[in-house]
Amino acid sequence: MKKFAAWILVLVLGASSTTAFGFPLKAVDTPNDKGNNVTLSWPAQPHPPEQWAVLRVEAGKTYAAIDTIGGELTSYTDETAKNGVPYQYRLAGLGAGGAGVFSEDSQPAVPEPSWFDTGKLNVFIVITLFLALVLYYIGQAQRGKQWSFRPIAGLAAIEEAIGRSTEMGKGVLYVPGVQDIDDIQTIASMIILGNVARMTAKYETPLMVPANSPAVYTVADEVVKGAYADVGRADAYRSDMVRYITSEQFAYVAAVNGMMLRERPAANLLLGAFFAESLLLAETGHETGAIQIAGTANVHQLPFFVVACDYTLIGEEYYAASAYLSKDAKLLGSLKASDTIKILLVLTIVAGCVLLTLGNHTLAEFFATQ
Amino acid sequence: MSAFFANLRRLDRRWIFLTVGLLVVVPLLTGFHIAPVLPSARARGFYDAIEKVPPGSTVLLAGDYDPGTIAENYPMHLAVSRHLMRRNIKIIAVELYPGGPPLADQVLHIAGAEYKKREGYDYVNLGYKSGNEAVMSAMGSAGIPRTFPADRSGTPVGQIPVMKGIENFGQIAMIVSVSAGYPGTKEWVQQVVSRYHVPMVAGVTAVSAPEYYPYLQAGQLQGLLGGMAGAAEYEVLVKAPGLATRGMDAQSLAHIFIALMIILGNLAALPQRTPGAKK
Amino acid sequence: MHLSHQIGIWIAALLTLGIYSFLYKDNPVYKLCEHLFVGVSAGYYVVLMYFSVVKPNLLVPLFTDFRHERHFLLVIPLLLGILLFSRFFPKGDWLSRWSLALILGVYPALRITGFGQGDLVEQIHGTMLPLWVPGNLGTTIGNWLLVGGLLTTLIFFFFSKEHKGALGGAARIGVYFLMVSFGASYGYTVMARISLLIGRVMFLLHDWLGVLHL
Amino acid sequence: MKREIPLLISMAAGIFVLIGFFVPHPAIRDIYDDIQGWVIIVVAFTYVLGMANLLRINTEQIQRRAKDWPYKLALVLSLIATMIVGFFFSRGSHYLDDGTGFSWIYLTFYSSMSSTMFSLLAFFIASAAFRAFRVRSVEALLLAVAALILMIGRVPIGNAIHPAIPQIADWLMEIPQNAAKRGILMGAALGVIATGFRVILGIERTYGEGGGT
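What you see is a predicted model; the values in this text were computed from it and never measured.

Draft legend 1. Expanded view of the sheet that holds strand E4 (residues 174–179) of chain B. All names here are of chain B. With respect to topology, six strands assemble into an open sheet ordered E3-E2-E1-E4-E5-E6, the strand pairing being parallel. Each having just a single partner strand, strand E3 (123–128) and strand E6 (223–226) make up the two edges of the open sheet. With direction set aside, neighbouring strand axes in the sheet form an average angle of 15°. Helix H3 (residues 41–51) contacts E4, strand E5 (200–204) and E6 of the sheet and is inclined by roughly 135° relative to E6. Where helix H5 (residues 101–114) meets the sheet, its contacts fall on strand E1 (58–64), strand E2 (90–95) and E3, and the angle it forms with E3 comes to roughly 170°.

Next comes the structure, spelled out in structure tokens:
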């Protein structure tokens, strides 16, 4: 009640005298910025003048107008200030209803560049926590720590499919996706190819690997040759197993479809980054009656693989499969770190929702961007 | 009945190709009209978001697509340019797809002629820049004039009236992302929207639309148009029926046909109940 | 029916039909169109790169207008750009890795912060929803499905424990949510592919044959 | 020397861009801005390299009269013609204005073929819908039902059949589809962040450094 009375007093006096009483003007160094920047803010005025003149003074000098802004505004950013210099500000009304209307002098504000953007604190914490987990688990894996992971249906099916092809005396077609060697999905595909090649070497099943870029061709050829040597079947390796077809999307698909229809492999493994051609390959493969196992992280292609193939490695399952097979400390460590942070994510979201339902917004506000 | 399905299975797929071709050509040739295009809540949300942008402010129009998806993106690009110009909103256009600049020029010149807007004063096409996300991040941090020192035909930005006072995203009232894939709406949300609090609406290809619903629900996007259907609905709201609206009848027919194909395909694959049928 | 008189439209129409001939069978006409497409687009990219990037962002600030005080540093990207061509000399191709290293360093960093903020922190915030909205059953059920769907999908992508018992049940529900989202993507992709064909047929009927009045 | 310098460059660039996100102070942010300006230019040069590579591979195949060499000749000639017209016969930096030779090439060849190439898929999606869309499990049934509802709900005829169809389609997109896509989004984000750290900190030996192109 007291505050209301004081407000009335100001209003009554203000209306009668020519110079309206000053209203508070807050000036502060703009947070989270490159510096040379002061932010002014003031309460909305009941009868704002047409315009405001922004006046600024440095220590020991006189006030100078630096800008004129619309009367309806309640904040302003002075981008011409210099770092380290203390400034004071005042607003003066201009135009209709502005005569004799002034704000109080603001406290001195000293613009400084900030060393940390506090608005990004939540991102900083999430990323550093995840980095710590990744480094911790990779370190553990390098020191020989073994973890047990759940089986992935698609992976077990690959071995079964190769076995079936061997029984039927037919070959295995391995398509490593259509991206170049620098794509993460193609790298993962090379790891899986190494394992497939070890199996086809053991069972002496014919292997066909059409590549769509010279780089993928060279790496795939090295991987297959190495795999055959690892299993002591270097003699069974033939240089025409891995072939560079073409880099053009549709020509590559037409050629691979041709291989499916001519050589009739009993198992088609479509593992890597696929785009529109996923549909064309899966359809032809389905027609030839081959077992089809597909895997990609391109989410928009998964529907076509799911409906046309016997098994599909869905998004992260595809990366996890390459981590399993590679037995590589950094891949397994990252997988373990992702699993751990997923537990934290689930717990945080549940906690956030429960708190929100009870009306407490702190956790939700923390994750909002400032 | 099973004989019908048996030879249906051996159907040469080129008959299906022919049917699809006819289902698209016939409605376009005859003007055979099936059902009116009614704007969905999504299209209305996109429309209302632009209605809220105050006249006289400046919008960044990112035309990140190329001729490969003209059928879906071009009608959105044109309709949104008309909508912005009609509301006297200034447009700064950029394209992060190499094939983009001529399409943006075409859209801006058509809409500009209709609403008497002058290049350089009411809109400018800053053209293409390589670097994908790095361009978006640089526009926010190093600033737009330093990242795009000249417009599409080489005029320095300092001599372009509509660029006066434009430093970074602080002076941009809204971003309109017309996107086909990478780089596109996802990268604008990741690199700019959350970092600089710029409201954004997106008109995207149907393939990519489902992936952006989480951004819509999380408030990172104020409006979303998906595919030719989204473009047609928006054209109706902007009262400028064009390519998209014209194509919707063929779209309806083709969708019914493909739905039938899925159902028939599965029926044909059912194991034959009649005894003695070859497995 | 008023045929177009522009030679360009005729060539474009014939190229379009040439590519469609692939539907019948892969044939020489399709092969020619395909190779022309690769050649023209590679040429187009180079001209575009010069006029829209190399000239305004590198040559002009480095050699002519010295307004920006750090412009002399642009000699670094100039060198890195030239080093890329060391791949053509058998001995020197390791030098090109200096330029690729810049790209290999910048993009992962941009994606860590971009994905970290846009696809992780903001999505966590977006999923924190009240599980009981008084007086609005529809939103309450919607929130339960949104939060439940997300959690079960995350559990499906959890690899450290066998999917048995409660965890198995949750993962199963997660798969159902995933399948609905794949169905939605399938439906949208059908729409996308069809509209691209409609766009092309419109070009043939309108711009070329002039039988379609828009 | 050959391995250490590139590793040093990518680590330095990566760390500066990573820190620059959090530190607005000009001491860091100016270098952060410079690096991004440089990478924009280097990426432009990679396109030029790609073209030079294309020319080299195809001219070799033409000289060796490899399979399909006449098509390679067409590729090389169209490439060189496009560049010559673009650089010298299209009013300099106004090369993309209406009426220039270069914009004619863009419209006649580039625009027409690239939009046609993608429209081929409409035919294939129809035949695949018939021949390769098997509902063999509960999951596939859910996928099929959602696909049919969306396909019919998103086009005007859906509303003509029954106004509820578009509403169900909208609900499917807003709630269940949204939840699953967000799960995939967050999972992918974790993958990208983990891989990003491994690349920047030099833990990841990508084939990119070892392999061919």
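Draft legend 2. Just the interface of chain C and chain D, in detail. Between chain C and chain D, the contact holds 106 residues from the first and 110 residues from the second. Between chain C and chain D lies a buried interface of about 10400 Å² when both sides are counted; carbon and sulfur atoms form 83% of it. For the pair chain C and chain D, the interface holds one salt bridge. The salt bridge partner of D:Glu139 is C:Arg172, with a shortest N-O separation of 2.6 Å. At the junction of chain C and chain D, the tally comes to eleven residue pairs in polar contact (both at pLDDT 80 or more). Broken down by element, the residue count for the side of chain C that touches chain D peaks at 28 residues, all from helix H2 (residues 28–64) of chain C. Along the lines of polarity and charge, the residues of the side of chain C that touches chain D split into 71 nonpolar, 25 polar and ten charged.

Draft legend 3. Geometry of the domain arrangement of chain D. Residues and elements named next belong to chain D. When cut into domains, chain D gives domain 1 (1–88) and domain 2 (133–213). Placing a centre on the C-alpha atoms of domain 1 and another on those of domain 2 gives a separation of 31 Å. Facing six residues of domain 1, the contacting portion of domain 2 comprises six residues. When domain 1 packs against domain 2, close to 540 Å² is buried across both sides, 69% of that on carbon and sulfur atoms. There are zero salt bridges connecting domain 1 and domain 2. In this assembly, domain 1 and domain 2 are joined by zero residue pairs in polar contact (both at pLDDT 80 or more). In terms of residue class, the side of domain 1 that touches domain 2 is made up of four nonpolar, one polar and one charged.

Draft legend 4. Expanded view of the pairing of strand E10 (residues 267–271) of chain A. Residue and element names in this part refer to chain A. Counting buried residues along E10, five of its five residues qualify, which places the element largely inside the surrounding structure. Here strand E7 (residues 172–175) pairs with E10 via four bridges, running parallel. Within the sheet, the bridge partner assigned to Tyr174 lies in E10 and is Leu269. Two elements, E10 and strand E11 (residues 291–296), share five bridges in a ladder whose sense is parallel.

Draft legend 5. Spotlight on empty space enclosed by the protein. Overall, the coordinates contain four cavities of 30 Å³ or more when judged by the stated rule. Its boundaries defined by the atoms lining it, the largest cavity holds a volume of some 90 Å³. What lines the largest cavity is a set of 13 residues, among which B:Ser40, B:Arg42, B:Gly226, B:Gly230 and C:Tyr188 lie closest to the centre. Partitioning the lining of the largest cavity into residue classes produces seven nonpolar, three polar and three charged. Taken as a whole, the second largest cavity spans an internal volume of roughly 60 Å³. Taken together, B:Leu126, B:Gly127, B:Tyr128, B:Lys129, B:Ala150, B:Asp151, B:Arg152, C:Phe51, C:Ser52, C:Pro56 and D:Tyr95 make up the lining of the second largest cavity. Counting only elements with at least two residues in the lining of the second largest cavity, the list comes to E3 of chain B together with H2 of chain C. Each residue belonging to the lining of the second largest cavity can be placed in one class, and the counts come to six nonpolar, two polar and three charged.

Draft legend 6. Molecular detail of the sheet that holds E10(A). Residues and elements named next belong to chain A. Reading across the sheet, the six strands line up as E9-E8-E7-E10-E11-E12 and stay open at both edges, with parallel pairing between neighbours. Unpaired on one side and paired on the other, strand E9 (242–244) and strand E12 (311–314) mark the two borders of the sheet. Across the sheet, the mean angle separating the axes of adjacent strands is 15° when strand polarity is ignored. Its contacts with the sheet put helix H6 (residues 249–263) on E7, strand E8 (207–211), E9, E10 and E11, and the angle it makes with E8 is roughly 165°.

Draft legend 7. A nonpolar patch on the surface, seen in detail. A grouping of C:Met1, C:Leu3, C:Ile7, C:Trp10, C:Leu14, C:Leu17 and D:Trp104 is seen on the molecular surface, where their side chains present a nonpolar patch of about 700 Å² in accessible area. Ranked by residues supplied to the nonpolar patch, first place goes to helix H1 (residues 7–24) of chain C with four residues.

Draft legend 8. A look at the interface of chain C and chain A. Counting from both sides, the interface comprises 38 residues of chain C and, opposite them, 46 residues of chain A. Here chain C meets chain A over a buried area of about 3800 Å², counting both sides, of which 77% is carbon and sulfur. Ranking the residues of chain C by area buried against chain A places C:Met128, C:Phe159 and C:Phe182 at the top, with a combined share of 21%. Our enumeration of links across chain C and chain A arrives at zero salt bridges. At the surface where chain C touches chain A, the tally comes to ten residue pairs in polar contact (both at pLDDT 80 or more). Mapped onto the side of chain C that touches chain A, the elements with two or more residues apiece are H2, helix H4 (96–127), helix H5 (137–156) and helix H6 (165–208) of chain C.

Draft legend 9. Quick peek at the nonpolar core. Membership of the largest hydrophobic core comes to 333 residues, with the highest contact counts inside it found for A:Ile158, A:Leu207, B:Met163, B:Trp188 and C:Phe182. Sort the elements by how many residues they give to this core and H6(C) lands first, with 21 residues. Not counting chain neighbours up to four residues away, the residues in contact with A:Leu207 comprise A:Val172, A:Tyr174, A:Val196, A:Ala197, A:Thr200, A:Val224, A:Tyr228 and A:Met241. In this structure, A:Phe23, A:Val38, A:Trp42 and A:Tyr76 belong to the second largest nonpolar core, which totals 16 residues.

Draft legend 10. Just the pattern of salt bridges, in detail. All names here are of chain A. Evaluated as defined, the whole model comprises 26 salt bridges over all chains. Linking Lys330 and Asp328 is a salt bridge whose minimum nitrogen-to-oxygen distance equals 2.8 Å. Take Lys330: its relative accessible area is 15%, and that puts it in the buried class. Residue Asp328 is classed as partly exposed on the basis of its relative accessible area, which comes to 22%.

Draft legend 11. Local environment of the packing of aromatic side chains. In this structure the tally under the stated criterion is 42 aromatic pairs over all chains. On the basis of an interplanar angle of 40° and a centroid distance of 4.5 Å, the ring pair of C:Phe22 and C:Tyr30 is categorised as tilted. Like C:Tyr30, C:Phe22 is buried. Aromatic pair C:Phe85 and C:Phe88: ring centres 6.5 Å apart, planes at 20°, arrangement stacked. Residue C:Phe88 is classed as partly exposed on the basis of its relative accessible area, which comes to 28%. Three or more aromatic residues link up through ring pairs in this structure, and these residues are C:Phe37, C:Tyr44, C:Tyr45, C:Tyr50, C:Phe51, D:Tyr47, D:Phe87, D:Phe88, D:Tyr95, D:Phe102, D:Tyr106 and D:Tyr110. Taking the ring centre of C:Tyr24 as reference, the NZ or CZ of B:Arg14 above it sits at 4.9 Å.

Draft legend 12. Spotlight on helix H2 (residues 13–30) of chain B. In this model H2(B) runs 26 Å from its N-terminal to its C-terminal C-alpha over 18 residues, within 8% of the 26 Å that 1.5 Å per residue would give. All of the buried residues along H2(B) are B:Ile16, B:Phe17, B:Val20, B:Gly21, B:Leu23, B:Val24, B:Pro27 and B:Leu28. For H2(B), the buried positions fall inside an angular range of 150° around the axis, keeping them on one side. Along H2(B), exposed side chains directed more than 90 degrees from the buried face belong to B:Trp15 and B:Thr30. Looking at the buried side of H2(B), the elements it contacts are helix H11 (243–269) of chain B, H1 and H6 of chain C together with helix H4 (101–131) of chain D. Where H2(B) terminates, the next one or two residues include B:Gly31, which has phi positive at roughly 70°.

Scoring rules and cut-offs
Residues numbered from 1 in each chain as written. Chains lettered and ligands numbered in written order. Predicted model: local features only at pLDDT ≥ 70, side-chain atom pairs only at ≥ 80, totals over all residues. Heavy atoms only, no water. Pairing = 2+ DSSP bridges. Helix = DSSP H or I, 4+ residues; strand = E, 2+ residues; numbered from the N terminus. Axes fitted to C-alpha atoms, helices over the stretch in contact; angles between N-to-C directions. Contact = heavy atoms within 4.5 Å. Buried area = accessible area lost by both parts, 1.4 Å probe. Salt bridge = Lys/Arg side-chain N within 4 Å of Asp/Glu carboxyl O. Polar contact = N/O pair within 3.5 Å; in protein donor to acceptor, adjacent residues only side chain to side chain. Nonpolar A, V, L, I, M, F, W, Y, C, P; charged D, E, K, R; others polar. Domains from an automatic or database assignment. Buried < 20%, exposed > 50% of the residue type's maximum accessible area, 1.4 Å probe, protein only. 1 Å grid on protein atoms, 1.4 Å probe; cavity = no way out; pocket = protein on both sides within 12 Å on 5 of 7 lines; lining within 4 Å. Points joined across faces, edges and corners; volume = space filled by probe spheres on them. Patch = residues over 30% accessible without salt bridge, like charges linked within 9 Å, V, L, I, M, F, W, Y side chains within 5 Å. Areas by Shrake-Rupley, 256 points an atom, 1.4 Å probe, with all protein chains shown as cover. Core = buried A, V, L, I, M, F, W, Y, C linked by side-chain atoms within 4.5 Å. Phe/Tyr/Trp six-rings, centres within 6.5 Å; stacked < 30°, edge-to-face > 60°. Lys NZ or Arg CZ within 6 Å of the ring centre and 35° of its normal. Expected span 1.5 Å × (residues − 1). Arc of directions from axis to C-beta.

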